[in-house]
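Structural description and commentary
The chain contents come next:
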Amino acid sequence: MFEQHLAALPVLLPLIAAPITLILGRSLLSWGFATLVSGCAFVVSIQLLAAALSDGVLSYALGGWPPPWGIELRVDAVNAFVLLAVSAISTLVLIYSKDSIEKEVEKSKHSLFYTAHLLCLAGLSGILITGDAFNLFVFLEVSSLATYTLVSLASDRRCLTAAFRYLVMGTIGATFILIGVGLLYMKTGTLNMLDLASRIELYDSNRTINTGLAFIVVGIGIKMALFPLHMWLPPAYTHAPSAVTAFLSSTATKVAVYVMIRFIFTIFGIDHVFEKMGMDIILMALAVVAIFKCSYMATVQSNVKTVFAYSSVAQVGYMILGLSLVSVTGLMAGVLHVFNHALMKGALFMAVGAVFYRVGSVDIKAFNGLGRQMPLTMAAFTIAGLSIIGVPLTVGFVSKWYLVTGALEQDNWVVAALVLAASLLAVVYIGRILEAAYFKKLPDNVDPNTVKEAPPLMLAPMWVLVLANIYFGIDTSLTTEAASSAAEWLFPSGDTHSVSNVQEMSK
Amino acid sequence: MNFILDYYNYWVVVFLMMAGFYIVISANNLVKKIVGLNVFQTSVFMLYISMGKVSGGTAPILVEGVTQYSNPLPHVLILTAIVVGVAVTAVGLSLIVRIKRAYGTVEENEFEHKDDAI
């Protein structure tokens with residue numbers, strides 16, 4: 001029975017479990033239950049990825065209504081891969097949050113926290129596996145509403161204004177997607193993604209469809225914090241509880257990147273988006289500016305969470321840069337970086353949260369001398385930081401390698417050089433924090449005995465991510481195989497016929 | 001002239017959309033921002049609903065002698081979108097309540113001074 005309904009489980013499990021978590025009420029009980037459910041979702045997503053890699057596509061007609069009339073859930077190599085990352089991070093973050101939210105969320109709100117987390121997971125999984133454009137909007141709002149709530153749960157009052165700003169921007173983004181989907185429906189009369197794709201092909205450069213594309217790209221751009229639509233992200237990530245930041249930074253924006261990939265490659269088709277509309281040049285320019293502007297912003301912040309919030313916007317730039325290369329390697333680098341960035345940013349924000357747990361601040365001065373006081377946390381921080389920079393033997397190196405390879409395949413030396421130059425900015429912002437941790441002394445007013453290593457339940461998930469950073473950095477076969485089959489799946493016949501556009505830009 | 005009359009529903013939609021969007025951007029009061037957001041969303045509901053209208057068609061209920069029906073699907077979609085809109089409004093207003101408690105004001109320029117900006 002479960003085999004048959006496997007595709008629906010990643011959404012159904014957390015969605016049904018969320019109200020139960022709320023009823024359980026007690027902090028410890030709801031934590032255990034939520035973690036268990038998220039773990040089950042993880043196991044399901046492993047099976048889905050295995051099935052998608054061996055069989056190709058799993059199509060599930062929700063409620064027994066066959067597509068294109070009913071809502072179709074559609075699992076293929078692309079979304080199964082991202083789904084695996086999302087459910088894995090969700091489980092690790094839940095394990096981590098038991099201790100972490102003790103210090104950052106009021107006791108009475110703990111079960112609410114787990115409920116919102118599960119709803120967010122359900123929404124994100126739904127976005128990933130749905131094959132229906134309107135259904136995608138609904139799941140987007142389910143996850144977003146849960147996200148606004150999660151951000152506002154911190155005890156610092158500034159999280160409220162950050163959450164409000166996020167809500168306004170997020171709703172505008174989602175409504176833009178709604179407008180775009182409406183315009184597509186107006187012209188094609190269908191909402192199923194594959195059906196849309198086959199009918200959009202018939203309308204060659206229709207103005208309604210082009211307007212729809214513009215609305216959808218801007219809407220998703222807001223959701224994934226694509227420069228210059230990223231202004232909601234730094235305050236939201238800075239003031240949210242650390243566990244929430246770790247979860248969101250490694251899943252929410254990544255899922256939005258997936259939605260962008262899905263709309264561009266599956267629904268509109270690369271010919272339409274890149275050749276006729278010239279969107280590769282726009283995306284590439286925005287991505288390059290995002291990488292430089294936000295990496296620079298990260299080097300001048302004093303709050304470590306803000307540093308990594310800006311760094312996240314820059315990393316989204318890398319993913320979009322991968323797409324905008326319009327080649328199998330470029331797309332593969334983008335998909336790979338979605339997964340890899342989840343590993344590194346998850347670990348980094350968990351380490352920052354552990355520092356907050358012991359020191360009570362995430363200002364860069366609070367890191368002074370922590371290298372001796374919290375050796376394991378700071379070691380995890382260092383390795384994940386090196387991964388952000390892109391040092392060999394970490395996952396950051398692997399995705400940058402493919403990105404540079406993709407650029408060089410098209411003789412696009414400018415982009416390749418820019419990617420490498422931007423890594424130097426990452427050296428600066430990671431280096432500042434490492435310098436504080438290892439080369440500065442603990443301030444005199446801090447008692448060395450109170451600042452000790454983080455509790456094991458915080459260290460364990462952090463180190464799982466760090467070890468994954470190293471493991472997938474050395475043995476790249478699993479991730480590259482999944483990412484390349486995803487890229488080939490998306491890329492019709494693996495051709496690179498819009499190379500000419502890209503080269504024009506480099507001149 | 002015909003261009004304006006033929007597409008008058010879209011003119012209404014575009015006007016509401018821009019008006020709502022302008023309120024969201026320009027309003028200083030958070031409640032007004034939520035109102036603007038609602039106007040903005042409502043314009044999209046109207047876009048969908050007017051899209052489903054087939055000229056000469058009636059409500060899609062099976063009656064003898066009627067062959068022309070309006071498209072019910074956009075209407076159903078918008079029912080869902082309205083629910084989503086209500087949920088967004090509820091979360092937004094509850095955030096405003098908490099902001100009022102924490103800062104004592106819902107005017108954006110007033111509480112911005114109370115915290116060091118990012």
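As the structure is a prediction and not an experimental result, all values here were calculated from the model.

All names here are of chain B. Nonpolar side chains collect at one region of the surface, where Phe3, Ile4, Tyr7, Tyr8, Trp11, Val12 and Met46 lie side by side and expose about 730 Å² of accessible area between them. Taken together, the elements giving at least two residues each to the nonpolar patch come down to α1 (2-6) and α2 (8-26). Among the elements that line the nonpolar patch, the one with the most residues is α2, at 3 residues. Looking at the secondary structure, you find Met46 in helix α3 (residues 30-51).

In this section: the confidence of the model for chain B. With 96% of its residues at a pLDDT of 70 or more, chain B shows a mean pLDDT of 85. Mean pLDDT values over the elements of chain B span from 76, in helix α5 (residues 108-112) of chain B, up to 91, in α3(B).

Let us look at the interface of chain B and chain A. Facing 36 residues of chain B, the contacting portion of chain A comprises 31 residues. Both sides together, the interface formed by chain B and chain A hides about 3,100 Å², and carbon and sulfur atoms give 79% of it. Taken together, chain B and chain A are joined by 0 salt bridges. Remark: the boundary between chain B and chain A carries 6 residue pairs in polar contact (both at pLDDT 80 or more). Among the secondary structure elements, those contributing two or more residues to the side of chain B that touches chain A are α2, α3 and α4 (73-103) of chain B. It is α4(B) that provides the largest number of residues to the side of chain B that touches chain A, a total of 16 residues.

Let us look at the packing of helix α2 (residues 27-55) of chain A against helix α3 (residues 77-104) of chain A. Residues and elements named next belong to chain A. For the pair α2 and α3, the least separation of the axes is 8 Å and the interaxial angle reads 160°. In this view, α2 runs roughly antiparallel relative to α3, as classed from their interaxial angle. Here the hand of the crossing between α2 and α3 comes out left-handed. When its residues are assigned to classes, the contact of α2 with α3 shows 18 nonpolar, 7 polar and 1 charged.

We now examine the environment of A:Phe308. Residue and element names in this part refer to chain A. By secondary structure assignment, the location of Phe308 is in helix α13 (residues 304-324). When the C-alpha atoms of Phe308 and Ile430 are compared, they prove to be 9.2 Å apart, with 122 residues separating the residues in sequence. Each residue touching Phe308, except ones within four places of it in the same chain, is listed here: Lys345, Leu348, Phe349, Val352, Phe381, Tyr429, Ile430 and Ile433.

Attention shifts here to the pattern of salt bridges. Residues and elements named next belong to chain A. Going through the model one piece at a time under the given rule, you end up with 8 salt bridges over all chains. Here Lys98 and Asp99 are joined by a salt bridge, their closest N and O atoms 3.9 Å apart. Owing to a relative accessible area of 22%, Lys98 belongs among the partly exposed residues under this scheme. Owing to a relative accessible area of 12%, Asp99 belongs among the buried residues under this scheme. A salt bridge links Asp195 to Arg199; the nearest nitrogen and oxygen atoms lie 3.4 Å apart. Placement of the pair is Asp195 and Arg199 together in helix α7 (residues 193-202), with a separation of 4 residues, close to one helical turn.

Calculation notes
- Residues numbered from 1 in each chain as written.
- Chains lettered and ligands numbered in written order.
- Predicted model: local features only at pLDDT ≥ 70, side-chain atom pairs only at ≥ 80, totals over all residues.
- Heavy atoms only, no water.
- Patch = residues over 30% accessible without salt bridge, like charges linked within 9 Å, V, L, I, M, F, W, Y side chains within 5 Å.
- Areas by Shrake-Rupley, 256 points an atom, 1.4 Å probe, with all protein chains shown as cover.
- Salt bridge = Lys/Arg side-chain N within 4 Å of Asp/Glu carboxyl O.
- Helix = DSSP H or I, 4+ residues; strand = E, 2+ residues; numbered from the N terminus.
- pLDDT = per-residue confidence, 0-100.
- Contact = heavy atoms within 4.5 Å.
- Buried area = accessible area lost by both parts, 1.4 Å probe.
- Polar contact = N/O pair within 3.5 Å; in protein donor to acceptor, adjacent residues only side chain to side chain.
- Axes fitted to C-alpha atoms, helices over the stretch in contact; angles between N-to-C directions.
- Parallel < 35°, antiparallel > 145°, perpendicular 65-115°, else oblique.
- Left-handed = near helix turned anticlockwise from the far one by under 90°.
- Nonpolar A, V, L, I, M, F, W, Y, C, P; charged D, E, K, R; others polar.
- Buried < 20%, exposed > 50% of the residue type's maximum accessible area, 1.4 Å probe, protein only.

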